[in-house]
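Working through the structure, step by step
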Amino acid sequence: MQDIQHLGVYTSGGDAPGMNACLRAVVRAGLDNDLEVTGIRRGYEGMIDGDLVELDRRSVSNIMQSGGTVLKSARSEKFRTEEGRAKAAEQLRKNGIDALVAIGGDGTFRGASKLHQEHEFPVIGAPGTIDNDLFGTDATIGYDTALNTAIENIDRIRDTADAHNRLFLVEVMGRDAGFIALNCGIGGGAELILIPETITEMEMVKKRILSHMSAQRRSTIVVVAEGDELGGARGIEQALRDDSDFGDIDLRSTILGHTQRGGAPSASDRVLASRLGVGCVESLLDGHSDVMVGVVNGETKLTPLRNVYNRRKSIDYDLLKLTQILS
Ligand code: F6P
């Protein structure tokens, strides 16, 4: 058992809807176990600077339903250095913090794991990223909300695309992973879905678009993940405009971008975030460290942080095949 009395909690990397719900759960579970709880603002930047705020039950009232993160977030260059991490550890010790809950994605966990190894800090992670690209959990906090935001936007685009018989290239987030693209593509009835996990050839893209448009002369929607190797919506649009076969086709691109990161968390994200937040505190008190708490097949599961950031979570290739039948 680790003798923990004072918990530090932070959100880091890209924010995700549900981070606040997770923070609330960490604070309340900590207080329930008679721990002191301190929030660290601006992720690792705030850890280095000692930007701290004491958290009580009421300080996390009414935050469950809001997107973003009340603790703020950052991507810290300084924390990537040994010197930066030593400074952060010194700040934590100076302020009496003896264990950490990190809410974030793979970059956040890489940092947390280093802090654990270099300074023997008990740390535990809650998966928070809209990308859903973390090994060790079926879903990450924020993914469900982002997916629904993307689908809602595709539905809107479908209305206007149909009205004009247009081709739309819709770019969704996912620098390295196609979970959002694949699932919002299926849910939004996209004719073609392009993701970083598969090789995308421009000739195939052109062929599929032409065949779809000539068969129906109605709207065609191509969903492309930002990390797809053809350069997202802009890259594909340029290649199509340069091709005379596409001269008559009315084409528009929409990049959904950060709209997917904001907004009130879905019911499912709120529940997941609450469960994981409590799970983090309980697991720390049970003596676990350098692990992430996830949910796999409905069960809470701990995965070493090094596996979370070193291993790649696979997309469902059966779902990808489905798109060929459905489009
Ligand atoms: O990791 C989440 C994510 O939203 C990615 O999908 C996206 O590529 C990236 O963050 C964008 O990061 P930033 O907000 O720093 O530009």
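All of the points below concern the structure found in this document.

Now for the overall build of the protein chain. When its secondary structure is counted, the protein chain shows 11 helices and 11 strands. Against the globule reference of 20 Å for 327 residues, the protein chain gives a C-alpha radius of gyration of 22 Å, in line with a compact fold. Projecting the C-alpha coordinates of the protein chain onto the three principal axes gives extents of approximately 70 × 35 × 30 Å. Taking all contacts inside the protein chain whose residues are at least 6 apart in sequence as the whole, residues at least 24 apart take part in 76%. Summed over all atoms, the accessible surface of the protein chain reaches about 14,600 Å², with 44% contributed by carbon and sulfur.

A few words now on the packing of helix α3 (residues 82-94) against helix α4 (residues 106-119). The contact between α3 and α4 brings their axes to 10 Å, and the two run at 75 degrees. Judged on the interaxial angle alone, α4 and α3 are roughly perpendicular. Residues E82, R85, A86, A89, L92 and R93 of α3 lie in contact with α4, whose contacting residues are K114, L115, E118 and H119. Considering only residue class, the contact of α3 with α4 consists of 4 nonpolar, 1 polar and 5 charged.

Core analysis: the largest hydrophobic core is formed by 62 residues, its most contacted members being L7, L23, V101 and C184. The element that contributes the greatest number of residues to this core is helix α5 (residues 143-164), accounting for 8 residues. Here this core gathers at least three residues from each of two domains, domain 1 (6-142 + 265-310) and domain 2 (144-262). Beyond its immediate stretch of four places on either side in the chain, L7 contacts V26, L35, E36, V37, T38, I97, A99, V101, V281 and L284. One finds M47, L115, M292 and V308 within the second-largest nonpolar core, a separate group that totals 22 residues.

What surrounds the ligand is the set R75, T129, I130, D131, M173, G174, R175, E226, H258 and R261. Note that an oxygen atom of the ligand is positioned 3.3 Å from one of the backbone N or O atoms of G174. Separating an oxygen atom of the ligand from a side-chain N or O atom of R261 is a distance of 2.9 Å. The fraction of the free accessible surface of the ligand (400 Å²) that becomes covered by protein chains is 78%. Residue composition of the shell around the ligand, by class: 2 nonpolar, 3 polar and 5 charged. Composition of the shell around the ligand by domain shows at least three residues from each of domain 1 (6-142 + 265-310) and domain 2 (144-262).

With a phi close to 60 degrees, N62 is a non-glycine residue in the positive phi region. Within the element layout of this structure, N62 appears in the loop between β3 (52-54) and α3. Unusually for a residue other than glycine, E120 sits at a positive phi of about 50 degrees. With respect to the helices and strands, the residue E120 is situated in the loop between α4 and β5 (123-127). Of the residues examined, E120 reaches a relative accessible area of 69% and is grouped as exposed.

What counts, and at which threshold
Residues numbered from 1 in each chain as written. Predicted model: local features only at pLDDT ≥ 70, side-chain atom pairs only at ≥ 80, totals over all residues. Heavy atoms only, no water. Helix = DSSP H or I, 4+ residues; strand = E, 2+ residues; numbered from the N terminus. Rg over C-alpha atoms; globule rule 2.2 N^0.38 Å. Contact = heavy atoms within 4.5 Å. Areas by Shrake-Rupley, 256 points an atom, 1.4 Å probe, with all protein chains shown as cover. Axes fitted to C-alpha atoms, helices over the stretch in contact; angles between N-to-C directions. Parallel < 35°, antiparallel > 145°, perpendicular 65-115°, else oblique. Nonpolar A, V, L, I, M, F, W, Y, C, P; charged D, E, K, R; others polar. Core = buried A, V, L, I, M, F, W, Y, C linked by side-chain atoms within 4.5 Å. Buried < 20%, exposed > 50% of the residue type's maximum accessible area, 1.4 Å probe, protein only. Domains from an automatic or database assignment. Near = heavy atom within 4 Å. Polar contact = N/O pair within 3.5 Å; in protein donor to acceptor, adjacent residues only side chain to side chain.

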